[in-house]
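Chains, contacts and geometry: an overview
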Amino acid sequence: MFAQQEPVSTPPPDPFLNDPALHGGPSPFWSFMESVFGIIYLAFWVWMLIDCLRKDPDRFLWFWVILVFQPFGALIYFFLRWLPSNQFQLPEFARPFFRQKRLNELETAAMQIGNPYQFVRWGDALKEAGINQKSLEAYQQALAKEPDNLQALWGAAQIEMKFKEFETAQQRCRQILEADPEYKFGDVSLMYCKTVCELGSAEQAREELAKHAKRWRQPEALFMLATLEAEAGEHQAARKTLQGMLLDINGSPRGIARKFVRWKSKARKLLKRLPRS
């Protein structure tokens, strides 16, 4: 009587419908890495923002750069402001690896051309890479060709101070100062004072530092002078020297004052130890 109904056939299930590789959530590993990178960037962003607000003379401009230009504002500030003002350098152990090609080029030029200028350039690059003995040898080769080359004399003196060859370093500094008392804007004069501190009497060192400080108001030199004055029992003179040094630092531009934070801290600590009377 009734037409027989055919059974409704159901289509076979799609094998890809529930494939977790196609429709699943992100991998736990990549979710974790995303979180880690997010935390690192946030910490870096906060660090740059705080550094900008505390130290940068143009803080109001760079504050908005960091705040608005996400995520590149903090990186722009890092490369354009933080690195130059902090004089960042690669760790000493890593410098030769990154500079080896340049060192090879300078060595080849020095050996082939052979003039003092090439040897000085090679010595400077070696010194920056922390290869001190070879750097000293390059400066010595320059001086063998031109004994009064001020750049070579200064480079050699710096390395000899590191090697604690104070007498040789003192002779080189004296030779530079006789030729040009203004060379390196007081750095040579300060090194000469340091050699006197190592080789001479405390009284002689004080005299040299006092003479140096009249022309070059370097915080390191003033702190050394104040230390010698304190050791000699001249506490009021030491206090006056330290207070003058702090006034100099506080009155200097913010970017320069940042470089002398260490000496400012040491001066304050010494001031606290000095007797009041």
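Above: the structure in question.
Here goes a summary of the coordinates provided. The shown structure was predicted, so the numbers you read here are calculated from the model rather than taken from an experiment. (Residues numbered from 1 in each chain as written. Predicted model: local features only at pLDDT ≥ 70, side-chain atom pairs only at ≥ 80, totals over all residues. Heavy atoms only, no water.)

The secondary structure content of the protein chain amounts to 15 helices and zero strands. Sorting the 277 residues of the protein chain into buried and exposed places 36% on the buried side. Only carbon and sulfur atoms are counted for the fraction: they give 59% of the accessible area of the protein chain, which is about 18,200 Å². (Helix = DSSP H or I, 4+ residues; strand = E, 2+ residues; numbered from the N terminus. Buried < 20%, exposed > 50% of the residue type's maximum accessible area, 1.4 Å probe, protein only. Areas by Shrake-Rupley, 256 points an atom, 1.4 Å probe, with all protein chains shown as cover.)

Okay, the pattern of salt bridges next. Evaluated as defined, the whole model comprises nine salt bridges. The salt bridge involving E160 is made with R172; its shortest N-O contact spans 2.9 Å. Pair noted here: E160 is in helix α8 (residues 150–162) and R172 is in helix α9 (residues 166–179), with a separation of twelve residues, a long-range link. The exposure class assigned to E160 is buried, which follows from its relative accessible area of 1%. Of the residues examined, R172 reaches a relative accessible area of 16% and is grouped as buried. (Salt bridge = Lys/Arg side-chain N within 4 Å of Asp/Glu carboxyl O.)

So, about the state of the cysteines. For the coordinates displayed, the defined rule picks out zero disulfides. The thiol sulfur of C197 is not disulfide-bonded, and the nearest other cysteine sulfur, from C193, lies at 6.9 Å. (Disulfide = S-S within 2.5 Å.)

Approximately 430 Å³ is the volume attributed to the largest pocket. Lining the largest pocket are 14 residues, and of these D187, L190, K194, Q218 and E220 lie nearest its centre. Those elements that provide at least two residues to the lining of the largest pocket are α8, α10 (187–199), α12 (219–231) and α15 (261–273). With four residues, the top contributor of residues to the lining of the largest pocket is α10. The residue inventory of the lining of the largest pocket, partitioned by class, reads seven nonpolar, two polar and five charged. (1 Å grid on protein atoms, 1.4 Å probe; cavity = no way out; pocket = protein on both sides within 12 Å on 5 of 7 lines; lining within 4 Å. Points joined across faces, edges and corners; volume = space filled by probe spheres on them. Nonpolar A, V, L, I, M, F, W, Y, C, P; charged D, E, K, R; others polar.)

Notably, K164 is not glycine yet its phi reads approximately 60°, a positive angle. Mapped onto the fold, K164 is located in the loop between α8 and α9. Of note in this structure, K184 is not a glycine but carries a positive phi near 60°. Take K184: its relative accessible area is 38%, and that puts it in the partly exposed class.

Note that R206 resides in helix α11 (residues 202–215). A relative accessible area of 15% means that R206 is categorised as buried. If near-sequence neighbours (up to four positions away) are discounted, R206 is found in contact with L225, L228, E229, A232 and E234. (Contact = heavy atoms within 4.5 Å.)

The next thing to look at is the packing of helix α7 (residues 132–145) against α8. For the pair α7 and α8, the least separation of the axes is 9 Å and the interaxial angle reads 150°. Crossing of α7 against α8: the hand is left-handed. Of the residues in α8, those touching α7 at N132, S135, L136, Y139, A142 and L143 are Q151, A152, L153, G155, A156, I159, E160 and K162. Of the residues contributing to the contact of α7 with α8, the split by class is eight nonpolar, four polar and two charged. (Axes fitted to C-alpha atoms, helices over the stretch in contact; angles between N-to-C directions. Left-handed = near helix turned anticlockwise from the far one by under 90°.)

Summed over the entire model, instances satisfying the criterion amount to eight aromatic pairs. Geometrically, the ring pair formed by F63 and W64 is edge-to-face, given 5.3 Å between the ring centres and 80° between the ring planes. Take F63: its relative accessible area is 22%, and that puts it in the partly exposed class. Measuring from centroid to centroid gives 6.4 Å for F119 and W122, while their planes differ by 45°, and the two rings are tilted. Pair noted here: F119 and W122 are both in helix α6 (residues 116–128), with a separation of three residues, about one helical turn. F119 sits in the buried class, given a relative accessible area of 3%. The class of W122 is buried, set by a relative accessible area of 3%. An aromatic cluster is defined as three or more aromatic residues linked by ring pairs; in this entry it consists of F44, W47, F78 and F79. Residue placement shows R262 over the ring face of W263; its charged tip is 4.5 Å from the ring centre. (Phe/Tyr/Trp six-rings, centres within 6.5 Å; stacked < 30°, edge-to-face > 60°. Lys NZ or Arg CZ within 6 Å of the ring centre and 35° of its normal.)

Read these as layout, nothing more, since geometry by itself doesn't imply function.
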